[in-house]
Structures are given as structure tokens and as C-alpha cells.
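# Understanding the architecture of this molecule
Residue-level listing of the chains:
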Amino acid sequence: MSIRPIYLDCHATTPLDERVLAAMLPYFTEKFGNPASSSHVYGWEAEAAVKKTREILAAAINATPEEIVFTSGATEANNLAIKGVAETYFKKGQHIITVATEHSAVIDPCNYLKTLGFEITILPVKKDGLVDLIELKKALRPETILVSVMAANNEIGVLQPLAEIGEICRDGLRPAGGDRQIIFHTDAAQAIGKIPLDMEAMKIDLMSLTAHKVYGPKGIGALYVRRRNPRVQLAPQQHGGGHERGMRSGTLYTPQIVGFGKAVEIALGEQATENQRLTQLRQRLWKQLSQVEGIHLNGHPQERLAGNLNISVEGVDGAALLLGLQPVMAISSGSACSSTNTAPSHVLTALGHPQHLAYASVRFGIGRFNTEEEIDLVAKYAIATIKGLQNKR
Ligand SMILES: *Cc1c(COP(=O)(O)O)cnc(C)c1O
């Protein structure tokens with residue numbers, strides 16, 4: 001058996017936790033019922049399992065179970081949120097605000113709406129990756145219907161100030177007593193289970209979630225849709241049997257939903273201790289790497305996911321570095337990652353990063369199953385590889 005590289009790409013996906021798998025297995029076999037079958041026990045037990053996950057997710061974000069709409073993942077949740085709002089509220093206004101560092105699953109639906117005549121403002125970020133709240137306030141217009149700002153960035157791990165943004169959307173532009181609020185959507189694919197999320201305190205109206213970034217299965221996610229103060233209405237993007245209160249038709253994928261609930265339950269239970277452990281591992285890695293000349297940390301040093309370390313190295317070709325590291329570690333580059341294209345990603349570009357070739361970026365995504373020994377090995381090998389490439393020049 002060949003030795004596999006150490007997995008440090010937890011922002012791309014995470015391994016399924018064995019406890020999650022164990023919870024899912026009965027729902028593939030003996031408990032196979034359709035949760036929409038209301039006339040027999042097969043349906044009832046599937047429905048009970050789905051209900052349990054709704055309750056776990058709702059409790060995790062301080063919402064109610066009726067506000068959870070299951071989707072195939074965060075991509076679909078983002079599409080439903082953004083296009084669903086646009087289609088419902090276009091008569092009130094056709095202006096949407098988002099941020100330069102968003103995931104393509106937010107940027108691309110916005111760009112699509114642009115082709116239909118919507119106006120899209122893409123806010124820049126500060127050098128540390130945080131959105132500039134003054135810029136956000138300035139961008140608000142009477143015809144703004146939606147603001148979409150992610151909770152945690154998938155490349156640089158930066159955490160956006162959700163509560164402040166929620167506050168701005170609630171009353172930023174409106175005169176006191178005015179009834180029109182701007183809907184606030186957040187893509188929390190990287191955040192669920194890792195940082196505290198509270199729909200009420202943060203005044204969030206729509207939130208996209210996914211299971212596979214938090215040691216759950218792929219292919220399942222959810223959209224939180226606020227039901228009161230204000231009640232958010234969404235035009236469905238998939239029509240059919242009227243599942244999920246008409247917002248997303250299609251037979252619910254019970255085993256994946258059970259896994260999603262279990263994954264979030266575990267993550268919440270371990271959140272405080274795990275964040276401490278991951279922060280220590282990240283600091284241990286950075287302490288060693290930062291000894292190398294010409295190495296920089298990308299993103300805010302504290303306002304970031306515990307397991308995220310994103311670095312740039314001067315004097316090294318991005319593709320060459322990735323190739324050099326690959327035998328020992330499974331990581332991602334901060335670039336558009338093809339052998340011919342080493343331009344920095346749109347996220348690093350938004351931070352003001354240079355485009356020149358002799359500049360490499362690497363994203364380390366440390367997770368639940370990484371150990372100190374692995375981090376030390378990775379650090380040692382990465383330092384040697386970087387120095388080797390720098391000396392070649
Ligand atoms: C992974 C990710 C997505 C896509 O989620 P899927 O469930 O894979 O569709 C969207 N947004 C962010 C920030 C992500 O990290």
C-alpha cells in the first residue's frame with residue numbers, strides 16, 4: 001500500500017466522522033422509507049429522523065425547525081437564496097450587494113442576475129480580508145433588496161462581522177419606523193459547527209449551510225429562511241411535489257440528512273475544545289514557517305477560522321511549490337491552480353496581492369484528525385521545499 005499524503009485540505013472537504021457514518025447506515029437499509037409517506041411506519045421513522053436534524057440545525061443557529069429548508073449543499077442554498085429573493089422582490093428594487101471575496105456559488109448567481117438586468121455592487125475588502133462597513137453603508141440604495149456576505153472565507157478563513165452587517169441591513173438606510181428592511185444572506189458553509197451563529201443576535205435572514213465541511217456527508221445542505229420579523233419569501237428554483245414548504249421540491253435524502261444532524265451535533269459539542277486545539281496546531285505550524293524569509297500570513301491574524309493558515313511566499317513559483325509539497329501533504333494553492341495559470345485567486349487579488357509569477361500561496365486547512373506530529377512533519381518538509389526553491393533562483 002502506498003503512503004498517502006497528510007490531509008490538510010479541510011476547506012475543500014472533510015473526512016466523514018465514523019460516528020456520523022454509524023448514525024447514517026440504518027437509513028440506507030431497514031429504515032429506507034420516504035419521509036413524505038404519512039400512512040405507514042416506514043415513512044414515520046424517516047420523517048422522525050428528518051425532524052430531529054431540523055431541530056439540531058435550528059438549535060445550532062437559534063432558529064426554529066420550520067425555518068430549515070434542506071438542499072443538496074451550500075451551492076444550491078446560495079442559488080435558492082439569491083435568485084429566490086431576486087425573483088420575489090424585484091418590484092421593490094433590483095440592486096444586490098456582495099463582496100469580492102465570496103465563493104463562486106455566490107458571485108456567479110449574482111453575475112447571472114446581472115444578465116437579467118439586476119445591478120450588482122461588489123464591495124472590496126480591507127487588506128486583512130474584512131469587509132469595510134463604511135463602504136457597505138455607502139453602497140446601500142433605496143432599491144437595494146439583498147446583501148450577501150459570507151460568514152467565514154474558504155481560502156483565508158477570515159470571519160466577517162455578521163452582527164454589525166445585520167444591524168446595518170435592518171436599519172441602515174431606513175428612516176426610524178420605516179418598514180422596508182434589506183434582506184441579509186450569509187454563506188456559512190465554512191462556519192457551521194466552528195463558530196457561534198445566532199440568527200436573532202446577528203439579524204440574519206437567510207443562511208446557507210453544508211454538511212461536508214464539518215465531517216458530515218457530501219450532497220446535503222440547508223438554507224435557513226426567516227419566518228418572522230421579517231418573513232422572507234423565496235421563489236422556488238426547483239418545482240415539483242411541494243416539499244420543504246414549496247421552496248424546494250424533491251424527496252428528502254434521509255441518510256444524508258441524518259448524517260448532517262449528527263455531524264453538527266458532534267461539532268457543537270466539541271466546538272470550544274476543538275477550536276483551542278486547532279488554534280494551537282495552526283500557531284505551531286505558523287511559528288515554524290514564519291522563520292522562512294519572505295513568507296507572509298494572508299487574512300486577519302485573529303478574526304479567522306481556527307484551522308486556517310494561508311500563506312504567501314516571495315521568490316517562489318506557485319506551481320513549483322505545490323508540486324514540491326504534494327508527495328507529503330494534500331493542500332491547496334491560493335491560485336487558480338493549473339500548471340499554466342498561476343495567477344492568484346480572486347480572494348488573494350482582492351487583498352491586493354501582486355500578480356507576478358515568483359509568488360506562491362498555499363492554504364493549509366487543519367482539521368479534526370490532524371495531529372501535532374503531522375504538523376511538525378509538514379512544517380519541516382515545507383520549509384525545506386521553500387528554501388530549496390528560493391535557492392534555485
Ligand atoms: C464549500 C463551499 C460552498 C459549496 O458548498 P457545497 O455544499 O459543496 O455546494 C459554498 N460556499 C463556501 C464558502 C464553501 O466553502
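Residues numbered from 1 in each chain as written. Predicted model: local features only at pLDDT ≥ 70, side-chain atom pairs only at ≥ 80, totals over all residues. Heavy atoms only, no water.

This brings us to the site of the ligand. Residues in close proximity to the ligand include Gly73, Ala74, Thr75, His103, Met150, Asn154, Asp187, Ala189, Gln190, Thr210, His212 and Lys213, which together make up its full environment. Contact between the ligand and Asp187: a nitrogen atom at 2.6 Å from a side-chain N or O atom of the residue. His212 is positioned such that a nitrogen or oxygen atom in its side chain is 2.8 Å from an oxygen atom of the ligand. Notes on the ligand: free accessible area 380 Å², of which the protein chains cover 87%. When its residues are assigned to classes, the shell around the ligand shows three nonpolar, seven polar and two charged. (Near = heavy atom within 4 Å. Polar contact = N/O pair within 3.5 Å; in protein donor to acceptor, adjacent residues only side chain to side chain. Areas by Shrake-Rupley, 256 points an atom, 1.4 Å probe, with all protein chains shown as cover. Nonpolar A, V, L, I, M, F, W, Y, C, P; charged D, E, K, R; others polar.)

It is worth spelling out unusual backbone geometry at this point. Here the residue pair Asn229 and Pro230 is connected by a cis peptide bond, since its omega of -10° sits within 30 degrees of zero. The phi dihedral of Asn62 is positive, around 60°, even though this residue is not glycine. Its place among the elements puts Asn62 in the loop between α2 (41-61) and β2 (68-71). For Asn62, a relative accessible area of 37% puts it in the partly exposed group. Phi angles above zero are rare outside glycine, and Tyr215 is one such case at about 70°. (Helix = DSSP H or I, 4+ residues; strand = E, 2+ residues; numbered from the N terminus. Buried < 20%, exposed > 50% of the residue type's maximum accessible area, 1.4 Å probe, protein only.)

Following both chains from N to C, one finds helix α3 (residues 74-89) and helix α4 (residues 104-115) inclined at 30°, their axes separated by 9 Å at the closest point. With respect to their mutual orientation, α3 and α4 come out roughly parallel. For the crossing formed where α3 meets α4, the hand is right-handed. Residue-level inspection shows Thr75, Asn78, Asn79, Ile82, Lys83 and Ala86 of α3 in contact with α4, the latter providing Ala105, Val106, Pro109, Cys110, Tyr112 and Leu113. (Axes fitted to C-alpha atoms, helices over the stretch in contact; angles between N-to-C directions. Parallel < 35°, antiparallel > 145°, perpendicular 65-115°, else oblique. Left-handed = near helix turned anticlockwise from the far one by under 90°. Contact = heavy atoms within 4.5 Å.)

It is worth spelling out the nonpolar core at this point. Grouped together as the largest cluster of nonpolar side chains are 57 residues, with contacts concentrated most on Ile61, Phe70, Val147, Leu197, Met207 and Phe260. By residue number, the principal contributor to this core is α2, which donates six residues. In this structure, this core is formed jointly by two domains, domain 1 (6-15 + 271-385) and domain 2 (18-264), each of which donates at least three residues. Excluding anything up to four places from it in sequence, Phe70 contacts Val50, Thr53, Arg54, Leu57, Ile220, Gly221, Ala222, Glu244, Arg248, Leu252, Ile257 and Phe260. Of all hydrophobic cores here, the second largest spans 30 residues; its members include Leu281, Val292, Val313 and Ala382. (Core = buried A, V, L, I, M, F, W, Y, C linked by side-chain atoms within 4.5 Å. Domains from an automatic or database assignment.)

Now for the packing of helix α8 (residues 318-325) against helix α10 (residues 372-392). Two quantities define a packed helix pair, namely the angle between the axes and the distance from one axis to the other. Between α8 and α10, the least distance of the axes is 10 Å, while the angle of their chain directions is 140°. Here α8 is positioned oblique relative to α10, judged by the angle of their axes. Both α8 and α10 take part in a crossing whose hand is right-handed. Contact residues: Ala320, Leu321, Gly324 and Leu325 in α8; Tyr381, Ala382, Thr385, Ile386 and Leu389 in α10. Class assignment for the residues of the contact of α8 with α10 results in seven nonpolar, two polar and no charged.

A separate point is the packing of aromatic side chains. Enumeration according to the criterion identifies two aromatic pairs in this entry. For the pair Tyr215 and Phe369, a centre-to-centre distance of 5.8 Å together with 90° between the ring planes defines the contact as edge-to-face. Of the two residues, Tyr215 sits in the loop between β7 (206-210) and β8 (221-225) while Phe369 sits in the loop between β13 (359-365) and α10, which places them 154 residues apart along the sequence. A relative accessible area of 7% places Tyr215 in the buried class. What makes Phe369 partly exposed here is its relative accessible area of 45%. (Phe/Tyr/Trp six-rings, centres within 6.5 Å; stacked < 30°, edge-to-face > 60°.)

This next bit is on the pattern of salt bridges. Opposite charge on two side chains permits pairing when their charged atoms draw close. All chains considered together, the criterion is met by 19 salt bridges. Note that Asp17 is salt-bridged to Arg19, the shortest N-O span being 2.9 Å. With its nearest N and O atoms 3.5 Å apart, the salt bridge here joins Lys262 to Glu265. Taken together, the positions of Lys262 and Glu265, both in helix α7 (residues 254-289) and three residues apart, correspond to about one turn of that helix. (Salt bridge = Lys/Arg side-chain N within 4 Å of Asp/Glu carboxyl O.)

Attention shifts here to the pairing of strand β10 (residues 308-314). Counting buried positions along β10 yields six of seven residues, so the element is predominantly enclosed. Alignment of strand β9 (residues 295-297) against β10, held across three bridges, turns out to be antiparallel. Note on β10: the bridge partner recorded for Leu297 is Ile311. Where β10 and β13 come together, seven bridges link them in antiparallel fashion. Its bridge partner being in β13, Leu309 is matched across the sheet by Phe364. (Pairing = 2+ DSSP bridges.)

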